[in-house]
Amino acid sequence: MSAKRTALSKDASAPLHAQVSDFVREKIYSKEWGLDERIPSEHELMEMLGVARGTVQKGIRALVDEGLLVQHRGRGTFVTQPVMARPSSNSLLSFAESMTEQGLDYTTRVCVRELMGANRACARNLQIPEGSTFLYLVRVRSVDDQPVMLIESHLNLTVCPGLAEADFAHEGLFAAVERTSGRKIGQAEMIYSARTAGKQRAAWLSCDERAPVLDLEQVVRLEDGTPFEWGSVWLPANRCVISTETTRD
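Residues numbered from 1 in each chain as written. Predicted model: local features only at pLDDT ≥ 70, side-chain atom pairs only at ≥ 80, totals over all residues. Heavy atoms only, no water.

(A) Local environment of helix 6 (residues 173–181). Turning to helix 6, its buried residues are L173, F174, A176, V177, T180 and S181. Each buried residue of helix 6 lies within a common arc of 160° when the element is viewed along its axis, so the set occupies one face. The first or second residue beyond helix 6 is G182, which carries a positive phi of 75°. (Buried < 20%, exposed > 50% of the residue type's maximum accessible area, 1.4 Å probe, protein only. Helix = DSSP H or I, 4+ residues; strand = E, 2+ residues; numbered from the N terminus. Arc of directions from axis to C-beta.)

(B) The packing of aromatic side chains, seen in detail. In total, this model carries three aromatic pairs according to the counting rule given. Between F23 and W33 the ring centres are 6.2 Å apart and the planes differ by 80°, which places this aromatic pair in the edge-to-face class. With a gap of ten residues between them, F23 in helix 1 (residues 16–29) and W33 in the loop between helix 1 and helix 2 (42–49) connect regions that are remote in the sequence. For the pair F23 and W33, one class covers both residues: buried. Judged by centre distance (4.7 Å) and plane angle (50°), the ring pair of Y29 and W234 falls under tilted. (Phe/Tyr/Trp six-rings, centres within 6.5 Å; stacked < 30°, edge-to-face > 60°.)

(C) Structural view of unusual backbone geometry. For D36, which is not a glycine, the phi torsion comes out positive at approximately 70°. Within the secondary structure, D36 is located in the loop between helix 1 and helix 2. In the Ramachandran plot, Q127 falls in the positive-phi region, its phi being about 55° despite a non-glycine side chain. Here Q127 lies in the loop between helix 5 (120–126) and strand 4 (133–143). By relative accessible area, Q127 is classed as exposed at 55%.

(D) View of the sheet that holds strand 7 (residues 212–222). Sheet architecture is open: six strands sit in the order 3-4-5-8-7-6, paired in antiparallel fashion. Single-partner strands in this sheet number two, and they are strand 3 (107–117) and strand 6 (185–196). For this sheet, the mean angle separating the axes of adjacent strands, direction not counted, is 15°. Direction of pairing for strand 7 relative to strand 8 (residues 227–236): antiparallel, over a ladder of nine bridges. Considered in strand 8, the bridge of V219 is made with W230. (Pairing = 2+ DSSP bridges. Axes fitted to C-alpha atoms, helices over the stretch in contact; angles between N-to-C directions.)

Structure, rendered in structure tokens:
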């Protein structure tokens, strides 16, 4: 892992240990540090962030308490693998399609649209070569000017040529994918996790950084099984719920 130095602010309102937590949380939320991967050691984090060992330990301990990290004696500290994945039996709809079905008027704001090189986790989930270009897209959906979801996507441009030029403020992702790929969308695998928002996603969602959110991590595939999206949908707990209808055989 990179040992690039990142300066923390001793003059900020947040104490240094909380800034350490924010730094590590952001690495996990942005998927730079993937599930089951070992994070840098305490010594490496001290060098990266320019803080004392006790500050690093306190920041890491907070994330262990949140459930984002787990510590194994003699092995290090690892990003936690969720213990349960709950598949949905409902038909696959985009969130835009779902909101339209419910008769909700919403707006979409594109916060980030950036071409990036795939790291190991991204390459594995999108089934593309490591280092190849993908589209990193962050959108916020609002109802009555209130943000209700943050959609963070890593998008496979190989199967969707021209996707990077789509007008995502007015065209839904699924519609744009089917238009640029010439194929229908097939299925998705989803994992639900309870999180706290963290500094960056709280800013996008206009909520407190300690506010509870539901993280819906998903890989979405075309009809032939090719993955085109890997990412997360972040839902503020006090603004949005997910409901399902199931039948018992």
